[in-house]
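# Observations on the three-dimensional arrangement
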Protein chains: 2
Amino acid sequence: MSTFTSTVAKKIMLIVLDGASDRPVDGATPMSRAKTPNLDRLAAEGINGIMDTISPGVRPGSDTSHLALLGYDPYEYYTGRGPFEAAGVGIEVKGGDIAFRCNFATVEDGVVTDRRAGRIKETDELEKTISEKVKVPGVEIIFKRSTGHRAALVLRGKGLSADITDTDPKKEGSPIKECHATNDSPEAKRTAEIVNSVSKQVVEALDSHPINVERRKNGLPAGNSILIRGAGMVPHIPDFYDRYHLKGAVVAAAGLIIGIGKMCGLEYLPLSGEEAKVEGSQVAAKVKKAVKALDTHDFVLLNIKGADEAGHDGDFEKKVAYMESADKALKSVLDLKDTIVIVTVDHSTPVSIKDHSADPVPVLINGAGVRVDDVTQYNELVAYKGGLCRIKGMDLMPIVLDLINLTKKFGA
Amino acid sequence: MSTFTSTVAKKIMLIVLDGASDRPVDGATPMSRAKTPNLDRLAAEGINGIMDTISPGVRPGSDTSHLALLGYDPYEYYTGRGPFEAAGVGIEVKGGDIAFRCNFATVEDGVVTDRRAGRIKETDELEKTISEKVKVPGVEIIFKRSTGHRAALVLRGKGLSADITDTDPKKEGSPIKECHATNDSPEAKRTAEIVNSVSKQVVEALDSHPINVERRKNGLPAGNSILIRGAGMVPHIPDFYDRYHLKGAVVAAAGLIIGIGKMCGLEYLPLSGEEAKVEGSQVAAKVKKAVKALDTHDFVLLNIKGADEAGHDGDFEKKVAYMESADKALKSVLDLKDTIVIVTVDHSTPVSIKDHSADPVPVLINGAGVRVDDVTQYNELVAYKGGLCRIKGMDLMPIVLDLINLTKKFGA
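Calculation notes
Residues numbered from 1 in each chain as written. Chains lettered and ligands numbered in written order. Predicted model: local features only at pLDDT ≥ 70, side-chain atom pairs only at ≥ 80, totals over all residues. Heavy atoms only, no water. UniProt positions renumbered as here; feature names shortened; annotations may be inferred. Helix = DSSP H or I, 4+ residues; strand = E, 2+ residues; numbered from the N terminus. Rg over C-alpha atoms; globule rule 2.2 N^0.38 Å. Buried < 20%, exposed > 50% of the residue type's maximum accessible area, 1.4 Å probe, protein only. Contact = heavy atoms within 4.5 Å. Areas by Shrake-Rupley, 256 points an atom, 1.4 Å probe, with all protein chains shown as cover. Domains from an automatic or database assignment. Buried area = accessible area lost by both parts, 1.4 Å probe. 1 Å grid on protein atoms, 1.4 Å probe; cavity = no way out; pocket = protein on both sides within 12 Å on 5 of 7 lines; lining within 4 Å. Points joined across faces, edges and corners; volume = space filled by probe spheres on them. Nonpolar A, V, L, I, M, F, W, Y, C, P; charged D, E, K, R; others polar. Least-squares fit on C-alpha atoms with pLDDT ≥ 70 in both. Pairing = 2+ DSSP bridges. Axes fitted to C-alpha atoms, helices over the stretch in contact; angles between N-to-C directions. Salt bridge = Lys/Arg side-chain N within 4 Å of Asp/Glu carboxyl O.

Under an unreviewed UniProt entry, the name given to chain A is 2,3-bisphosphoglycerate-independent phosphoglycerate mutase, and the organism recorded is Methanooceanicella nereidis. The record in UniProt for chain A states the following under Sequence similarities (unreviewed entry): "Belongs to the BPG-independent phosphoglycerate mutase family. A-PGAM subfamily." Quoted verbatim from the Function (unreviewed entry) field of the UniProt record, the comment on chain A reads "Catalyzes the interconversion of 2-phosphoglycerate and 3-phosphoglycerate."

Okay, structure coming up:
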């Protein structure tokens, strides 16, 4: 008789190497070129495949693909970037809110002279002033600065709509655009009026703000206006715990991913600058934080961002180097007990096109009970030979939930 | 820094080897037995897989599968064979028309004595007479002969329906059937009356037609009636260019495929008999025409028909021979630049069943950016080992559009 040890894992670590997969250049990709002994070992001792995070030939955003990886159909829950950015910035968005991304910008004589207000950083006091002074009867206005010149705006109340246009003129030398309704509904018209009022009030509130007086004195563009774009109605997203009975956490640096995690009900575990210093790199600190989070959580989403940036830069060697540093940082994942480890990618970002593509991503699942296949490397050129064949992003959570014995039988 | 040559292709050549795939006989199929060095090289330097053109286990027609291969969901756009045959015959069908396939037939003493009018060929004058004489108030009647005894009929006007029965008795010795409505709608009843009127008027117009007088004199069956079948309402199909921003062409011999291409908005490039003579074979002339079409078009659908016929004939060796001649003709495809080449099959036509089957077809994609896999032969017995794994017909266009960088991002 056989004896079994640790036959069913209890926890899940979902590691997303953002934008890491690619198309081959002279037969190799950054992933296939990079020396990644730890990822290769996870692949060799796991089951592998390729995955269309949305659907074959559909070019995913990081937001839509992460929703799918978490088991939330993006065609049902994705309502635009605004809501997820707003959540990422730290606004406690609610279903039905209308959310926007914003830029601080410079307006002089009615014309936008700098769409980023000289990449202004000192927006803390400007945020406070906006929050104090900008009011519209019957609607709650929530404004929050993000990193640099970025910010988010949320309108909360009844009778609002996201069917409105942006105020961003997209180029310097033009005035801030009027916001218009894109349909005839009274909700859209009213929301457009509110946005125009906010837009105007912000200029009145900020133009002679001490921060801007100081900036003008120093020859810097004033942060005296905001450009409002990406309207989306915050979707009613079922809570991750209610859905899966798993206490979840997200470790990520990008606001968009943090926002998605939060909106799905994952606890965001922020990284301090101090932690990155202690561990020697941000990726090492993130991995440590994520591994530690498994002590207190059942599910951890760890998003590792660097390869995507190298892809957008079109820099093959940088992407190779990033993969190798990520691999080093991930060594501790090999020692996880009672945990299903998934390593995947949200979308390919080929250096040849410097943008996302729909090429399928590699996915490995490692842990108790998986049918180990013949694949011994982790990259997008060999993953298709593995036992998972070709799956979709929405398949991942059901497959993994089944491995930890949390799926219910359909039938008898 | 790396340099990239031809990183993104601009054009697409979709080659469909109609009905070429099969089931194994003593371990081999016509495709696996045939020596096809050019196709094998395309496979070896490309990515391979198997494909359910409609869905696993769904036995495709050439029409429904071609619609899917072009990215048009056949469950949405396929309304019966009539519309596509009519378009293939050269009638400029419009959305809402009711279209039929027809046969010229022989009626004597009220009974169909030959369903194909002795495979009559001289139908040109008969078509003219029908067009001149057959009239029904309030509806436009468009009739056009095709090859041999075949023809197409279109009814255009308001208040029509395709919910009606055929007039074809399906056997000799019976009268032409009355057309009946298959539901209680006034549109169906009216359309059935129109069809019966057309049916009757055709006999009146053709029975003593000089062509038929001459045929009777020579002891041949008269082409003095038409059998009307396959009613379908012409679907409103979005134009290929509007959908993909690609200028498309179709090179094909079968009316059904030409009709599908035309209805989707592809430009039909007909082949002259002269061209076939110059190139030595019809398949060579078609390949040459298709390759040349890439100078003026972004997308070319090339349908190569012979293997399907050999399959319907149940002739293994004929199918092998056809594959080998097609392979020779396809040599010039190896030299295409800046083009994504797809070689696939619309449906299997196993010699063992002499009909279409739902067995998945092989598909290869060759060109800049594809993840080349280990498959080195082009046939349905090895294709599953390739990097595409198993896809669906409707996935093909999105995948290829992504390779030429024409997909839009879903999300951010």
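Next comes the rest of the description.
Looking only at helices and strands, chain A has 15 helices and 14 strands in total. Its C-alpha atoms give chain A a radius of gyration of 23 Å, within 12% of the compact-globule value 22 Å for 412 residues. With respect to the principal axes defined by its C-alpha atoms, chain A has extents near 80 × 50 × 40 Å. Taken over 412 residues, chain A has a buried fraction of 58%. For chain A, restricting intrachain contacts to residue pairs at least 6 apart in sequence, the fraction spanning at least 24 positions comes to 74%. Summed over all atoms, the accessible surface of chain A reaches about 17300 Å², with 50% contributed by carbon and sulfur.

Time to look at the domain arrangement of chain A. Residues and elements named next belong to chain A. By domain assignment, chain A separates into domain 1 (11-78 + 237-403) and domain 2 (83-233). Just the C-alpha atoms count here: the centres of domain 1 and domain 2 sit 34 Å apart. In this assembly, 11 residues from domain 1 lie in contact with seven residues from domain 2. Here domain 1 packs against domain 2, burying approximately 680 Å² in sum over the two surfaces, 78% of which is carbon and sulfur.

The next point concerns the layout of surface pockets. Within this model, the largest pocket holds a volume of roughly 1000 Å³. Along the walls of the largest pocket sit 35 residues, with Arg81(B), Glu85(B), Arg101(B), Arg150(B) and Leu256(B) positioned nearest its centre. Counting only elements with at least two residues in the lining of the largest pocket, the list comes to helix H3 (62-69), helix H5 (81-89), strand E3 (98-108), strand E5 (140-145), strand E6 (150-156), helix H10 (255-264) and helix H13 (306-313) of chain B. Partitioning the lining of the largest pocket into residue classes produces nine nonpolar, 10 polar and 16 charged. Residue-level mapping places the lining of the largest pocket at the junction of two domains, with at least three residues from each of domain 1 (11-78 + 237-403) and domain 2 (84-233) of chain B. By volume, the second largest pocket amounts to about 800 Å³. Arg81(A), Glu85(A), Arg150(A), Gly255(A) and Leu256(A) are, among the 33 residues lining the second largest pocket, the residues nearest its centre. Of all the elements in the fold, those that place two or more residues in the lining of the second largest pocket are helix H5 (81-89), strand E4 (98-108), strand E7 (150-156), helix H10 (255-264) and helix H13 (306-313) of chain A. Here the lining of the second largest pocket takes five residues from H5(A), the largest share from any one element. When grouped by side-chain class, the residues that make up the lining of the second largest pocket number 11 nonpolar, nine polar and 13 charged. Of the residues that make up the lining of the second largest pocket, three or more belong to each of domain 1 (11-78 + 237-403) and domain 2 (83-233) of chain A.

In the superposition of chain A on chain B (RMSD 0.2 Å, axial shift 0.1 Å), the rotation amounts to 124 degrees. Read as a symmetry element, the transformation amounts to a three-fold axis. When C-alpha distances to the rotation axis are compared across chain A, the minimum falls at Cys389(A), with a value of 3.6 Å. When the interface residues of chain A are mapped onto chain B, a mere 5% of them are again interface residues, pointing to distinct binding faces.

Residues and elements named next belong to chain A. Taken together, the eight strands give an open sheet; going across it, the order is E10-E9-E11-E1-E12-E13-E2-E14, and neighbouring strands pair in mixed fashion. Two strands bound the open sheet, and with one partner strand each, they are strand E10 (267-268) and strand E14 (389-392). Direction of pairing for strand E1 (residues 11-17) relative to strand E12 (residues 339-344): parallel, over a ladder of six bridges. Paired with Met13 across the bridge in E12 is Val341. Across the face of the sheet, helix H2 (residues 37-44) comes into contact with E1, strand E2 (47-52), E12 and strand E13 (361-366) while running at roughly 65 degrees to E13.

Right, let's get into the interface of chain A and chain B. Each partner contributes to the interface: chain A provides 38 residues, whereas chain B provides 27 residues. Both faces considered, chain A and chain B share a buried interface measuring about 2500 Å² in area, 55% of it formed by carbon and sulfur atoms. For the pair chain A and chain B, the interface holds four salt bridges. With a closest N to O distance of 2.4 Å, Lys385(A) and Asp374(B) form a salt bridge.

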